[in-house]
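What follows is the residue order along each chain.
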Amino acid sequence: MKKLGRKPVAQAPNDHASRTSREAIDFADYVPAHITYLANKLSSGATAIYLPRFGVGITEWRIMALLARDAWVAPKRVSDATGLDKGAVSRSIHSLKTAGIVEVRPDQYDGRSQVLALTSRGLRLHDRMVRLAREREQILLSGLSKEERSLLVQLLARIESRVPLANAVSKDSDGGA
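Residues numbered from 1 in each chain as written. Predicted model: local features only at pLDDT ≥ 70, side-chain atom pairs only at ≥ 80, totals over all residues. Heavy atoms only, no water.

Novice: Mind showing me how you'd approach unusual backbone geometry here?
Specialist: Leaving glycine aside, a negative phi is the common case for residues, and trans is the common case for peptide bonds. Phi is positive for W72, close to 60°, though the residue is something other than glycine. Note on placement: W72 falls in the loop between α2 (58–69) and α3 (75–82). For W72, a relative accessible area of 34% puts it in the partly exposed group. (Helix = DSSP H or I, 4+ residues; strand = E, 2+ residues; numbered from the N terminus. Buried < 20%, exposed > 50% of the residue type's maximum accessible area, 1.4 Å probe, protein only.)

Laid out in structure tokens, this is it:
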């Protein structure tokens, strides 16, 4: 994560000390900030590459990547598996359906629900995009050994498993205020 410079843009008032907190987070050591920074930079970079080249952004790509692995899934499963909110998933599914990339059918077991799968066009597009996605991943991880990559995936999975607990704290705690 890039460090914020200390050089003020405008003339700072003389009350800087009274406007800052001793409890302020040091982003250089704050893991959620690193994860958020990486996710934002990778997502915006992917969209900047994928949208002009393939006509789909990162949200559509995540849905396509899931459907390439597991066809005929419900939109709720897409939302749960990708971490995307239901509204973003719904809008992206509509866009992918309109573009002929995804087929939507009624769920044969639950008439109120729908299931999704990639069309043949969607599969071809996915296969072109996945090569680029893997190339980006290779570049990102090229400075790590095979063992470090494996450890990174394990550590990220452990952190991910703790997210529900971390999110529950904010519902029950006011931070001691």
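Novice: For this particular structure, what's the right way to read a nonpolar patch on the surface?
Specialist: Together, V31, I35, L144, L152, L156 and I159 give the surface a local cluster of nonpolar side chains, amounting to about 440 Å² of exposed area. Counting residues per element, the nonpolar patch draws most heavily on helix α6 (residues 146–172), which supplies three residues. Position of I35 relative to the elements: it lies in helix α1 (residues 31–54). Looking at I35, the relative accessible area reads 35%, which means it is partly exposed. (Patch = residues over 30% accessible without salt bridge, like charges linked within 9 Å, V, L, I, M, F, W, Y side chains within 5 Å. Areas by Shrake-Rupley, 256 points an atom, 1.4 Å probe, with all protein chains shown as cover. Salt bridge = Lys/Arg side-chain N within 4 Å of Asp/Glu carboxyl O.)

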